[in-house]
Structure formats: structure tokens, C-alpha cells
Amino acid sequence: MSMLRIFLFFLSLILAFNFLNVYANNQDNDKNKQVKDEYIIRIKVNDNKDRNNGNNSNHHQSSLINVTNFFNSKNNNKNFANQTSKRKILHKYKLQSLNNLIHVQLAENDLIELKKQLKDDIDFIEPNYLISISNEANREKNQKIDYHEESEENLLPDEDLLPIEQCNGDANAGSNINIGAQKWNEFVESLEDSVVATPVIPADQWSLKNSNNIDLSALNAWKITTGNKNIVVAIIDSGMDYNHKALKHATWINKGEIANNGIDDDNNGYVDDVIGWNFVSKTNNPKDESAHGTHCAGIIAAKSSVAMGIAPDVSIMPLKFIDKSGFGSLSNSISAIEYAIQMKVNIISASWGNAGYSHSLRDVIEAAKNAKILFVTAAGNEKTDIDKGKFYPASYTLDNIITVASINRLGGLSSFSNYGAVTVDIAAPGSYILSSIPGNEYSYFSGTSMASPYVAGVAALLLSARPDLSLIAVKEAILKSAVKIDSLKNKVATAGFVNAYKTLTYFDSSSPSVPVIEVPGDDTPPLYFDFSKVKLNVLKKKLLIKLKRVTLTMAGDENQLRKIKQVTYAVNNTCRKPKKVTSFESNFLYKFLTYKDKQTITYTLKIDNGEEFTFTENI
């Protein structure tokens, strides 16, 4: 009997070990799905030697030539004589900041040879990962919600994570839009048709107006603005049903392109890209085959009696890189972001992700940051603390990213939502969200994919009211105006959820405080202060007006100062970064005639609505 027990014990260990191995392998496979034989390569821009000699561009050029020659040459290695070479450069990214990235095709033998021959010319080579939209949501057409029951248990339909029901697809989804150039004006007019003149919140949209105030306070926000057509949000997703009655009015129009003439009129590398691009089929038809992108677009800009978006009068640029199966390639996601940068959008909404870190995806999001584009992304739906288990792009630490978790209508973190007290910035409604789907229909989806477009839409509202604001100012307003709630403590960095009205009024409702004035100088007598380098941050007062000028007066002990000066800054409709007026440079230079341990200087800041702020500094 004892021998049998020992045998069974060891058998159970073996089975358990095998199970764990299979589970781990499945998990790894899930995280590392990739397009077969495709990779992203970053060519070295410089090395230490070149950096010291100032020959960075020469080094990059030689590395680029070496890599290009590798792909143009035939594989003569005897060890691989019987294997087929698949060396091919599929795409070179166009942006100057991305000109060291290329998308290539390589068989395994070629990959080995590449690493061996060109290790000094390549920063990294990574697989062309497959990126997915998460398994979000109930899709119950025209289903009504019973809100009489308040317990979490009675809200289970809104928390069940069912896969998105796939549409049958569209016969034209993989072909170019062919409307005939003569019908272009008619097509544009049909896209610009407005369905509802005054925004009204349908009964089923708790995210916009909720009896317990767990909402975006949309009606109050819309008293300030409902958006501006000049503010463009790129939905990088599965495309969009641009003929949907609730979204026609919001579809972005590329005014630099003439429809259907077969010419790249605006020289951006894409022919007839009149309303966006389909990076899956490489055509100008970004039509949605899965409903996900159309649902996200509706959350931002839908305008109908059935469902309203939070920013119904902004423009949506549909960029399709997710196919009907719910997956898209890393290379196509980079191309879509690059396109958005080229076309100078204001905001990117990205409701997708992957557990694997990608250097190249981070590179292109950083390029978006340098182009002053806000990148709003979903935290993911794995119920995971992504401070520990990462999820990308949500987990990148870049200043232009806002990562969004999901809350339900009671204000709790949605049961499916990822979270992270450091990594996740803020929450937004994401459970049981009503929005548009293809075919002039509407449905309820749940997921952080629904939460992040709400934040993107709020950012679009703010830029509509204050187009002069910097990227950092927009992010600051959204995060610092978050409505704090106990359920989100230690779950998201702000411990709160987004509120459109509070975001819009952040610049005139926060408590007044003195401007921050940073004055560079040395610490030996006589003291010099060069005021051509003064940095003013007047936004501590938060004003929702467009300033034309800011006057700074410096006053102190006349015996210690050579002169008392007053200078007016032309701020060019923004009070965050006053424009330097170089002709006034001499007026900014003060010399202390004698040295004291302490000097008291009073700065008076006067803005053009008559308000004054005084700041005293002991130096």
C-alpha cells in the first residue's frame, strides 16, 4: 500500500508539473503571438565613437546602407543552401524621428545571419507582434437596462465579459472607396449632415448623466462647448462606419486630397486618403468589420437621439489596423500612429494592447509626444495590477500617455478592469456603455476600451475651448480635476474618475495662487539676473480666457537695484509659455550694486482682465 501511495504521489507531481508547463507555454504563446517571419528593426543612429566625433548622421547612413545591402543580397551561406530566403524590406517609416525603423520579412536562417553580420549596425530587432482588442462586452442590440436594482449582483450583465460578436464583414472593407470625383462634394455634404442640433442625453447613457453623480457631468460641460471640428481625434482601431447616421457629421475630411484621382495630392505617401486609411488592406477605406472602432468613435462623437458622444462636434479620423478577428500587427499600429502624426491630429485614442514590451511602439508614441499629441489608452481587461504585470502601451512611462481604467455605474472599479496605483492614471465609465455599431445600429459594450475614448473625448472638449493649451496642460487639467472616490484609492494614480465639466473649468475654478517665477543667476556679488530667461507659470491661477498680454513689474530697494523695470510679455493667447521678446532683452538684466545676505524682491503680475498677483521672494 505504501508503495502505491508513493507511486500515486510522484504521478500527481508529474501531472501537476506537466500542467503548469502547458499553462505557462499557453500564457507565453498568448503574449507573444506574432506575424510569421516578420520583424521590426531599429538601425543604430550613433555609437560612442561617432557621438564624440559628431559624425552621427554618417554612422547612421553607413548602418542603413549595410542593412539595405543585406536585404538586397542573396543568401550564399552553404549551411542554408536548401532553405528559401525571405529577405525583404516591407516598409520604411517616413517620419524623420522614425527613419531608423524598418519593417522586414526574414526567414529563421536569415534572422540568424542578420544578427551575426550586422550586430554593430542594429539597436534591436523585435517580432512583429499581434496586438488585440480585449474580450469586451455584452452586445445586445436595443436591450433596455433596468436601473431599479442597486446592488452589484444585479449589475452582472454589465460585468460579464463576453467576446464581441463579429459582424459578417463588409464586401467593400478591403477595397478602395470609389465614389467618383464628381460626387465628392455630395459625399462630403452627406458626412457633414448633423442629426441633432442640440445635444440631448438618452435615458440609457448613465455615463453622461447618472442619478448618483457617477458620470461625466456632460450637460454642464456642453454649456461651455460641445466640441470644435478643428479638433481631430484619431481612432486607431478596427475602423469606423463613417456612413452611420450618428457619425457622418464627425468624420474627418482630408482637405489636401482630391478624391478618386489616383494621385497623392498632399504628398503624405497615401493616395486618395480622403477620410483616413485602412492599414490592414492598404486602401483608403477604413470601414469597420468588427464594431469595436465604431463603438469607440460613438463614445467620443456620436450625435443621435439614441446615443450621444461626450464631444459630439469634434472630428474623428478613422485609422484601421485591427482586422475582423480582433487582431492587428505591431507594424500597422506604428504606421497608423505615424499617419496621425503626419496629419497633425490633436489626440490619439488607442483601445488595445499587449503584454509584451515593444521598443518600436514606444518610439512612435514618443514621436507623437514630440508632435504634441495626447495618447489616451486602455488599461486592459485582465483584472490585473499592471504596476506589477505590465500591459502596453498602457505601461509606458511617457508624458503624453493617459492610461484609463473602467468604473461601473455605482462608482466601483469594473470587475474586469486592470488597475495600478502608479501606472493607471484615471478611471472613466466602461461598464455597459451604449454607443454606435455598424449598420446604423447601437449596442452595449463593456471594457476599458470604452473608458479610454471618454477621456479622449474630454480632452477634445478642453482643446475645443482652449486650443492654445499645451499637451502637458491638457493632461494636468484632466488628472487634477478627477472626482475622487474611495473605491479607486490605491487603484489609479488620481484615485478618481474623469469629469468633463470639472476639466473644462479647471482653469478658472482652482484656488488662486501666485505665479511661479524662476530667475537664473549666480551667487557672487554683484548679482546679475537675466530676465530674458524668466519662466512664468501663470496657469496656477487657471483662467478660461484667452490672454493677450501679461505685465511683470519687479520692485525692490532702489539703493540696491540699478533700475525698477516693468515689462509686458506678449503671450500669444497662452499664459503658460510667454513668448520671448528679444528686443526687450536689455530690460530684463538687473545688477545688484551691493551684496546682501538677503534681498527682498517683489514681483507684481498683472493680466489683461485686470487681476493682479504679487509674489515676494527673498534671495
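Owing to the predicted nature of the structure, the values given are computational and were not obtained by experimental measurement.

(A) Layout of the sheet that holds strand 3 (residues 101–105). Judged by pairing direction, the sheet is antiparallel, and its five strands sit side by side in the order 2-3-1-4-8 without closing on themselves. Unpaired on one side and paired on the other, strand 2 (88–92) and strand 8 (327–329) mark the two borders of the sheet. Taken over all neighbouring pairs, the strand axes of this sheet differ in orientation by 30° on average, direction set aside. With four bridges joining them, strand 2 and strand 3 adopt antiparallel strand pairing. Across the sheet, Lys-88 pairs through a bridge with Gln-105, a residue of strand 3. Where helix 4 (residues 108–117) meets the sheet, its contacts fall on strand 1 (34–43) and strand 4 (122–132), and the angle it forms with strand 4 comes to roughly 145°.

(B) Layout of the packing of aromatic side chains. If you walk through the whole model with that rule in mind, you get eleven aromatic pairs. Pairing Tyr-270 with Trp-277 gives two aromatic rings, centres 5.0 Å apart and planes at 65°, and the pair type is edge-to-face. Summarising the burial analysis for this pair, Tyr-270 and Trp-277 share the class buried. Look at Tyr-270 and Tyr-339: their rings are 5.1 Å apart centre to centre, the planes differ by 80°, and that puts the pair in the edge-to-face class. With a gap of 69 residues between them, Tyr-270 in the loop between strand 5 (232–237) and strand 6 (277–278) and Tyr-339 in helix 8 (residues 330–342) connect regions that are remote in the sequence. On the basis of relative accessibility, which here comes to 6%, the residue Tyr-270 falls in the buried class. A relative accessible area of 0% places Tyr-339 in the buried class. One aromatic cluster is present, built from ring pairs that chain together Tyr-270, Trp-277, Phe-279 and Tyr-339.

(C) Representation of the pairing of strand 14 (residues 441–445). Among the five residues in strand 14, four count as buried, and that is most of the element. As defined by bridge partners, strand 13 (residues 433–437) adjoins strand 14 across five bridges and the pair is classed as antiparallel. Counted as the bridge partner of Leu-434 is Tyr-444 from strand 14. Between the end of strand 13 and the start of strand 14, which pair antiparallel, lie three residues, with Gly-439 showing a positive phi angle near 85°.

(D) A look at unusual backbone geometry. Pro-393 follows Tyr-392 through a cis peptide bond whose omega is 15°. Structurally, Pro-393 can be placed in the loop between strand 10 (374–378) and strand 11 (401–407). One non-glycine residue, Asn-213, lies in positive phi territory at about 65°. Assignment of secondary structure puts Asn-213 in the loop between helix 5 (184–191) and helix 6 (218–222). A relative accessible area of 58% places Asn-213 in the exposed class.

Definitions and cut-offs
Residues numbered from 1 in each chain as written. Predicted model: local features only at pLDDT ≥ 70, side-chain atom pairs only at ≥ 80, totals over all residues. Heavy atoms only, no water. Pairing = 2+ DSSP bridges. Helix = DSSP H or I, 4+ residues; strand = E, 2+ residues; numbered from the N terminus. Axes fitted to C-alpha atoms, helices over the stretch in contact; angles between N-to-C directions. Contact = heavy atoms within 4.5 Å. Phe/Tyr/Trp six-rings, centres within 6.5 Å; stacked < 30°, edge-to-face > 60°. Buried < 20%, exposed > 50% of the residue type's maximum accessible area, 1.4 Å probe, protein only.

Shape is all these values report; function is a separate question.
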